[in-house]
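Residue-level structure breakdown
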Amino acid sequence: MKEFTNETLDTGSLPKYEEVPLNSLSKKYWNVMLINIFIFLLIVGIGVTTVLIFNADVRAYLYIILGIYVVFALLMITLYRASLKKRGFAVREKDIMYTSGIIALSTTVVPFSRIQHIALDEGLFSRIYGLGELRIFTAGGSSGSLHIPGIQIEKAKSIKELLMKQINEAD
């Protein structure tokens, strides 16, 4: 019978994921984000206009509402642009990693051994720009799943094939 051990690891000697060079998302992905932002702002604008047309009391605040709408739109565009610069991914020897976030940086590292399923999605606007979203599902459920948008479709297909090969070899 093998003797049980549970030694303490020196955390200083562990590899640092923060030092991993990341692949950035495609620059074309910004166009997809802008289209989505524009559609959202258009829907909000139609809603605000409808309220202004049918509610005379609100019309007195037209310039205030318009100012808030413009500031909201500019803030939204600025934050999305900043978030795009902070996103990146890396495929390493034993795992795949994705980093995102502006204020709170989020890094997800998924070991190949935890991957259950891989999907490659192409939305309408992404397809126009030749982009795809790699969706990696893990054994841990939705909290461990990984979604990497804005990858050139050919690169996304090759990453998917590599990951499929890795998880098939593990079986």
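In the block above lies the structure referred to throughout.
I will try to describe carefully the structure that is included in this document. (Residues numbered from 1 in each chain as written. Predicted model: local features only at pLDDT ≥ 70, side-chain atom pairs only at ≥ 80, totals over all residues. Heavy atoms only, no water.)

1. Let's talk about the pattern of salt bridges
Put simply, the rule reads: Salt bridge, as used here, is a side-chain nitrogen of Lys or Arg placed within 4 Å of a carboxyl oxygen of Asp or Glu. Any residue under 20% of the maximum accessible area for its type is buried, any over 50% is exposed, and the rest in between are partly exposed; the area is computed with a 1.4 Å probe on protein chains only. Runs of E in the DSSP output that reach at least two residues are strands. Runs of H or I that reach at least four are helices, and both are numbered from the N terminus.
This structure, assessed with the given rule, holds three salt bridges. One salt bridge in this structure joins K94 and E93, with 4.0 Å as the shortest N-O distance. E93 carries the same exposure label as K94, and that label is exposed. A salt bridge links D121 to R135, with the shortest nitrogen-to-oxygen separation between them at 2.4 Å. A residue pair is termed long-range when its members are at least 10 positions apart, and D121 in strand β5 (residues 115-121) and R135 in strand β6 (residues 131-138) qualify at 14 residues. Residue classification places R135 among the partly exposed residues on the basis of a relative accessible area of 24%.

2. What about the side chain of S26?
Formally: Throughout, a residue-residue contact means that at least one pair of heavy atoms, one from each residue, lies within 4.5 Å.
Residue position: S26 is located in the loop between β1 (23-24) and α1 (29-54). Exposure remark for S26: the relative accessible area of 11% places this residue in the buried category. In this structure, S26 is in contact with L131, G150 and Q152, ignoring residues within four places of it in sequence.

3. With respect to the sheet that holds strand β2 (residues 88-91)
What counts here: Think of it this way: DSSP has to see at least two bridges between two strands before they count as a pair.
One open sheet accounts for four strands, arranged β1-β2-β3-β4; its pairing is antiparallel. Pairing within the sheet leaves two strands with one partner each, and these edge strands are β1 and β4 (106-111). Examined bridge by bridge, strand β3 (residues 95-100) and β4 share six bridges and lie antiparallel to one another. Counted as the bridge partner of S100 is S106 from β4.

4. Comments concerning α1
What counts, and what does not: The span you would expect from a helix comes to 1.5 Å times its residue count less one.
With 26 residues, α1 extends 38 Å between its outermost C-alpha atoms, agreeing within 8% with the 38 Å of an ideal straight helix rising 1.5 Å per residue. By the burial criterion, the buried members of α1 are Y29, W30, V32, M33, I37, L41, G45 and L52.

5. Regarding the nonpolar core
Counted only if it meets this: In this text, buried Ala, Val, Leu, Ile, Met, Phe, Trp, Tyr and Cys residues form a nonpolar core when linked through side-chain atoms within 4.5 Å.
Grouped together as the largest cluster of nonpolar side chains are 23 residues, with contacts concentrated most on I96, I115, L134, I136, I148 and L163. Counting residues per element, the ones that place at least two in this core are α1, β3, β5, β6, β7 (141-152) and α5 (153-170). Leave out the neighbours within four places in its chain, and I136 touches I96, V110, I115, H117, I118, S145, L146 and L163.

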